[in-house]
Amino acid sequence: MFILGAGYSYAAGIPLLSGFVERMWQFAIRRSNGDKPLTQEDIEIFNAAIKIRDELDSYHGRAMFDDRNIEDILSILSFNMLGGARRDKEKIAAMNRAIARTIDLCCTVEHPGVNKEGRNSLNESGPQLYRDFWSCIFSAAARGKKIPTIITFNYDLVLERSLHQHLIGANYNNFDKRFPATRIALNYNYDHAPRSEFEIVYTRYNSHSARGMSEIDGTILKSVEPNERAHTLEVDILKLHGSLNFARRKENEASSFPHAITKSIAEPFILPPIFNKMTNGAPTAMWQSGLEKLREAKNIVIVGYSLPQTDIYMQYFLKAALGPNLNLNKIFVFDPVLFCENEHGEAMRRRYESCFAPQLRPRIEFRPDCTNISNNVKHGTADHFVQLLHKNRGELIF
């Protein structure tokens, strides 16, 4: 099983929690994303978010909090809402809109999805590591291995877009690389995100090189109705905190799935990073599924999640999930901080160790294998994880 935190998507340009407010402020002041002007709607979204932050400035005279940390801001607003401040519910919604737009504007991994008419687009924007991730997963599946469940705390669409990038192109251009199934299905286990199934269709692409143009084999995706008799590869992605493509209500889901699964929607369902996730209508079926999957997992790989001390809820979620797990063999934690000889790395190790009994702690690998990893890859990053996944699929997945 894989557990992906914000650090997994960092290479795609998406800021960590500590950097969200700074990026919102930059968008509000510069009114542009690089050399592209923002729309008037986006400008209003970011101006509203910065205004909400500025309104909390008076708290500094009596309360200690970081107004440059989105988690601190939203937690104060959520407590204000519990205290009867009705406007704070609207403020949280406004901050959520700014979070969603920040993610979408910053993300360098793009893909338009599968057109309703069946047209496919080639797009390989963003880092190669995200496409390599899927390549490793499908290579293992071709050898008869079951695809690990993916739990992610991220709202972004890096997984969905890089999956489309990988399956629409020339990645399967010879017999040895043929996709291990005739279909692929994405299961979110979220009521307003129906199971999305695609057929893998083999085709020919024009390839341009110094020798001229030639044709190579490749694949495209075709959106299809579920078929129990078809050979379908199941991919479970549990986005516990919501997603930019999750509708809030059932009547909105038709426009989002499955054709536009790679596209964000205007008012997505996302759980803000606050002290109690379940007070905001968290989808219990998805959380329950995550709990069940963790209780069955043999090896767990955690990438880019620091298990912050403030996230008490997730600490107890892990304890409740892994406490009854009799099959648990090993836990791998990928984070650059763990490779630093300082108090931050030691504090993170202690946070993880505090979730487990003493006899299990030796099975936590805080510094996964670095041998034969490219010299330009920083240890503990998503790139390190993917390279190690390619090198040693058996140990990490199974």
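The present account deals with the structure reproduced in this document. Everything quoted here is computed from the prediction, not taken from an experiment.

### Regarding the side chain of Asn 154
Here's step 1: By the element assignment, Asn 154 lies in the loop between strand S4 (150–152) and helix H7 (158–167).
Here's step 2: Polar contacts involving the side chain of Asn 154 include one to the main-chain carbonyl oxygen of Gly 5, which spans 2.9 Å.
Here's step 3: When sequence neighbours within four positions are dropped, the list of residues in contact with Asn 154 reads Leu 4, Gly 5, Ala 6, Tyr 8, Ser 9, Lys 239 and Gly 242.

### Regarding the packing of helix H3 (residues 40–55) against helix H5 (residues 87–106)
Here's step 1: Running from N to C, H3 and H5 cross one another at 125°; their axes reach a closest spacing of 9 Å. The pairing of H3 with H5 is recorded here as oblique in orientation. The way H3 lies across H5 gives a crossing that is left-handed. Residues Asp 42, Ile 45, Phe 46, Ala 49, Ile 52 and Glu 55 of H3 form the contact with H5, whose participating residues are Lys 91, Ala 94, Met 95, Arg 97, Ala 98, Arg 101, Thr 102 and Leu 105.

### Brief notes about the pairing of strand S10 (residues 330–334)
Here's step 1: Within S10, four of the five residues are buried, which leaves it mostly tucked inside the rest of the structure.
Here's step 2: Where strand S9 (residues 299–303) and S10 come together, five bridges link them in parallel fashion. Across the sheet, Val 303 pairs through a bridge with Phe 334, a residue of S10.
Here's step 3: Bridging between S10 and strand S11 (residues 364–365) involves two bridges; their strand directions are parallel. For Ile 331, the partnering residue across the bridge sits in S11 and is Ile 364.
Here's step 4: Taken together, S10, helix H10 (residues 343–353) and S11 constitute a β-α-β crossover, and its handedness is right-handed.

### Quick word on H3
Here's step 1: Here H3 is 16 residues long and its end C-alpha atoms lie 23 Å apart, about the 22 Å a rise of 1.5 Å per residue gives.
Here's step 2: Among all positions in H3, only Asp 42, Ile 43, Ile 45, Phe 46, Ala 49, Ile 50, Ile 52 and Arg 53 are buried.
Here's step 3: Each element contacted by the buried residues of H3 is listed here: helix H2 (20–30), helix H4 (70–82) and H5.

### A short note on helix H6 (residues 128–142)
Here's step 1: The first and last C-alpha atoms of H6 sit 21 Å apart over 15 residues, in line with the 21 Å expected at 1.5 Å per residue.
Here's step 2: Phi for Gly 144, located one or two positions after H6, is positive at around 90°.

### Observations regarding the pattern of salt bridges
Here's step 1: One pass over the full model with this rule turns up 17 salt bridges.
Here's step 2: The partner of Asp 54 in a salt bridge is Arg 53, with the nearest N and O atoms 3.3 Å apart.
Here's step 3: Asp 54 gets classed as partly exposed once you look at its relative accessible area, which sits at 42%.
Here's step 4: The exposure class assigned to Arg 53 is buried, which follows from its relative accessible area of 13%.

### Looking at the environment of Ile 270
Here's step 1: Within the secondary structure, Ile 270 sits in the loop between strand S8 (232–239) and helix H8 (284–296).
Here's step 2: The class for Ile 270 is buried, based on a relative accessible area of 3%.
Here's step 3: Along the primary structure Ile 270 and Gly 242 are separated by 28 residues, whereas in three dimensions their C-alpha atoms are 4.1 Å apart.
Here's step 4: Those residues within four positions of Ile 270 in sequence are excluded, and the remaining contacts are Asn 96, Ile 99, Tyr 155, His 241, Gly 242, Ser 243 and Arg 248.

### What about the nonpolar core?
Here's step 1: Counting residues in each nonpolar core, the largest one holds 112 residues, and the members touching the most others are Met 24, Phe 133, Trp 134, Phe 138, Ile 184, Leu 294 and Phe 385.
Here's step 2: Ignoring anything within four residues of it in the chain, the contact list for Met 24 reads Phe 46, Ala 49, Ile 50, Ile 70, Met 95, Ala 98, Ile 99 and Thr 102.

### Brief notes about the packing of H6 against helix H11 (residues 382–391)
Here's step 1: Between H6 and H11, the shortest axis-to-axis distance is 9 Å and the interhelical angle comes to 30°. Between H6 and H11, the angle falls in the class roughly parallel. Note that H6 runs across H11; the crossing there is left-handed. Residues Leu 129, Asp 132, Phe 133, Cys 136 and Ile 137 of H6 pack against Ala 382, Asp 383, Phe 385, Val 386, Leu 389 and His 390 of H11.
Here's step 2: Of the residues in the contact of H6 with H11, the class split is eight nonpolar, one polar and two charged.

### Focus: unusual backbone geometry
With the exception of glycine, the majority of residues adopt a negative phi angle, and the majority of peptide bonds are in the trans configuration.
Here's step 1: Unusually for a residue other than glycine, Asn 189 sits at a positive phi of about 60°.
Here's step 2: Looking at the secondary structure, you find Asn 189 in the loop between strand S5 (183–187) and strand S6 (196–209).
Here's step 3: The phi dihedral of Asn 372 falls on the positive side, at around 65°, and the residue is not glycine.
Here's step 4: Take Asn 372: it is sitting in the loop between S11 and H11.

### Brief notes about the packing of aromatic side chains
The description of an aromatic ring pair uses the distance of the two centres, along with the angle that the planes make with each other.
Here's step 1: Per the counting criterion, the structure on display carries 18 aromatic pairs.
Here's step 2: Note on Tyr 188 and Phe 246: the rings are 5.1 Å apart at their centroids and 80° apart in plane angle, and the pair reads as edge-to-face. Taken together, the residues span a long stretch of sequence, with Tyr 188 in the loop between S5 and S6 and Phe 246 in the loop between S8 and H8 at a distance of 58 residues.
Here's step 3: In this structure Tyr 188 comes out as buried when scored by relative accessible area, which is 1%.
Here's step 4: One aromatic cluster is present, formed by Phe 2, Tyr 8, Tyr 130, Phe 133, Trp 134, Phe 138, Tyr 172, Phe 179, Phe 334 and Phe 385 through successive ring pairs.
Here's step 5: One residue, Arg 178, lies across the ring of Tyr 202, its end atom 3.8 Å from the ring centre.
Here's step 6: For Lys 319, the ring lying beneath its charged end belongs to Tyr 316, and the centroid distance is 4.5 Å.

Calculation criteria
- Residues numbered from 1 in each chain as written.
- Predicted model: local features only at pLDDT ≥ 70, side-chain atom pairs only at ≥ 80, totals over all residues.
- Heavy atoms only, no water.
- Helix = DSSP H or I, 4+ residues; strand = E, 2+ residues; numbered from the N terminus.
- Polar contact = N/O pair within 3.5 Å; in protein donor to acceptor, adjacent residues only side chain to side chain.
- Contact = heavy atoms within 4.5 Å.
- Axes fitted to C-alpha atoms, helices over the stretch in contact; angles between N-to-C directions.
- Parallel < 35°, antiparallel > 145°, perpendicular 65-115°, else oblique.
- Left-handed = near helix turned anticlockwise from the far one by under 90°.
- Buried < 20%, exposed > 50% of the residue type's maximum accessible area, 1.4 Å probe, protein only.
- Pairing = 2+ DSSP bridges.
- Right-handed = clockwise from strand over helix to strand, strands pointing away.
- Expected span 1.5 Å × (residues − 1).
- Salt bridge = Lys/Arg side-chain N within 4 Å of Asp/Glu carboxyl O.
- Core = buried A, V, L, I, M, F, W, Y, C linked by side-chain atoms within 4.5 Å.
- Nonpolar A, V, L, I, M, F, W, Y, C, P; charged D, E, K, R; others polar.
- Phe/Tyr/Trp six-rings, centres within 6.5 Å; stacked < 30°, edge-to-face > 60°.
- Lys NZ or Arg CZ within 6 Å of the ring centre and 35° of its normal.

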